[in-house]
Amino acid sequence: MCGISGFNWQDEALVSRMCDTIAHRGPDDFGLYSDQCVSLGHRRLSIIDLERGRQPLSNEDETVWIVFKGEIYNFVELRKQLVAAGHRFKTSTDTEVIIHLYEEHGTDCVQYLRGMFAFAIWDRPQRRLFLARDHVGQKPLFFHHANNRFAFASEIKALLKLDHITPEVDTAAMNHLISLRYAPGTQTLFKGIHKLPAGHRMIFESDQLRIERIDPSATGLACLGPKEPQHGCYSPAPCNWHHRSPRQYEPRCRFLKDKIIALQRDLYFDARRSKKEP
């Protein structure tokens, strides 16, 4: 499962405490990275490359760092294309593929990924924090931004470790949660704490924060093939899915089916109750 956290200042003790609150997400390992501009923490559930896959993970010259949770289904194909493009790998993890994709394509790297994920990349030369969340929103990612301070984490309770955050209920979000059964947009039940919506990326640079929707028409269609113009524009070829047995999808299909049935049941009884009310 894994858990991530971090912020735009240096404090190893604080990022360590934040990671302690989400230790259940990654019981196998803990790692952190910090410099004068950033602190990153990671709790790891070890699955791929148990010995060398520790995070935070960097590129060859340690100018780009990442904390990642999730799974990239097409990382094998992407890795082959990146190696052909001249990138060197030190692990066999899907995490390192994202680093080199970022080197190749910047913040558009997320459009090449197929999977469930949430990650944060620190680009030291650009002094940029780049975060992204998968289209379905299967992996949560929360953040806080105020007074030129930016922090993020896999769970809200990790952000509550920040001294300048006072737990306070957001009544508007609570109203939405009661009436709609979810908090729309970036709202959460806590004032000053927001969630990155599914299928969005977030860039914190020069003390400015911007959130952008990832173009769904481009996601999964791009690949690293030769960028030659076709009929006046670049038309990327589709990538092949990382091979998976259909049995591996059965638990997720059952989960989605149960959620749909539960939603239909709730809507049915809500409609019946509304008819009975005067």
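Higher on the page you've got the structure.
J.: How do you make sense of the sheet that holds strand 4 (residues 57-58) when you look at a structure like this?
T.: Two strands in a sheet stick together by hydrogen bonds in their backbones, pointing the same way (parallel) or opposite ways (antiparallel). Read across the sheet, six strands follow the order 4-5-6-7-11-12 without closing on themselves; strand pairing throughout is antiparallel. Sheet topology places strand 4 and strand 12 (208-213) at the edges, where each strand pairs with a single neighbour. Across five bridges, the pairing between strand 7 (residues 128-133) and strand 11 (residues 200-205) is antiparallel. When the bridges of strand 11 are listed, Arg128 appears paired with Glu205. In the packing of helix 3 (residues 94-105) onto the sheet, the strands contacted are strand 4, strand 5 (64-72), strand 6 (115-123) and strand 7, and the crossing angle to strand 5 comes to about 130°.

J.: Hey, could you run me through the environment of Arg133 in this one?
T.: Relative to the elements of secondary structure, Arg133 occurs in strand 7. By relative accessible area, Arg133 is classed as buried at 11%. Residues within four places of Arg133 in sequence aside, it is in contact with Phe117, Ala118, Lys139, Pro140, Leu141, Leu196, Pro197, Ala198, Gly199, His200 and Ile214.

J.: So what exactly am I meant to see when it comes to a nonpolar patch on the surface here?
T.: A contiguous nonpolar surface patch, about 620 Å² in accessible area, is contributed by Val169, Met174, Leu177, Ile178, Leu180, Tyr182 and Leu189. As for its placement among the helices and strands, Leu180 is situated in helix 5 (residues 171-180). Note on Leu180: relative accessible area 42%, which makes it partly exposed.

J.: Explain the packing of aromatic side chains to me, please; I cannot follow it from the model alone.
T.: For any pair of aromatic rings, the description rests on two quantities: the centre-to-centre distance and the angle between the ring planes. All chains considered together, the criterion is met by eight aromatic pairs. Summarising the aromatic geometry, the rings of Phe150 and Phe152 are spaced 6.4 Å apart at their centres and angled 35° between planes, so their arrangement reads as tilted. Comparing Phe150 with Phe152, the two get one shared label, buried. Taken together, Tyr102, Phe117, Phe119 and Phe130 form an aromatic cluster joined through their ring pairs. A cation over a ring is seen here: Arg79 above Phe89, with NZ or CZ 4.4 Å from the ring centre. For Arg149, the ring lying beneath its charged end belongs to Trp9, and the centroid distance is 4.2 Å.

Parameters at a glance
Residues numbered from 1 in each chain as written. Predicted model: local features only at pLDDT ≥ 70, side-chain atom pairs only at ≥ 80, totals over all residues. Heavy atoms only, no water. Pairing = 2+ DSSP bridges. Helix = DSSP H or I, 4+ residues; strand = E, 2+ residues; numbered from the N terminus. Contact = heavy atoms within 4.5 Å. Axes fitted to C-alpha atoms, helices over the stretch in contact; angles between N-to-C directions. Buried < 20%, exposed > 50% of the residue type's maximum accessible area, 1.4 Å probe, protein only. Patch = residues over 30% accessible without salt bridge, like charges linked within 9 Å, V, L, I, M, F, W, Y side chains within 5 Å. Areas by Shrake-Rupley, 256 points an atom, 1.4 Å probe, with all protein chains shown as cover. Salt bridge = Lys/Arg side-chain N within 4 Å of Asp/Glu carboxyl O. Phe/Tyr/Trp six-rings, centres within 6.5 Å; stacked < 30°, edge-to-face > 60°. Lys NZ or Arg CZ within 6 Å of the ring centre and 35° of its normal.

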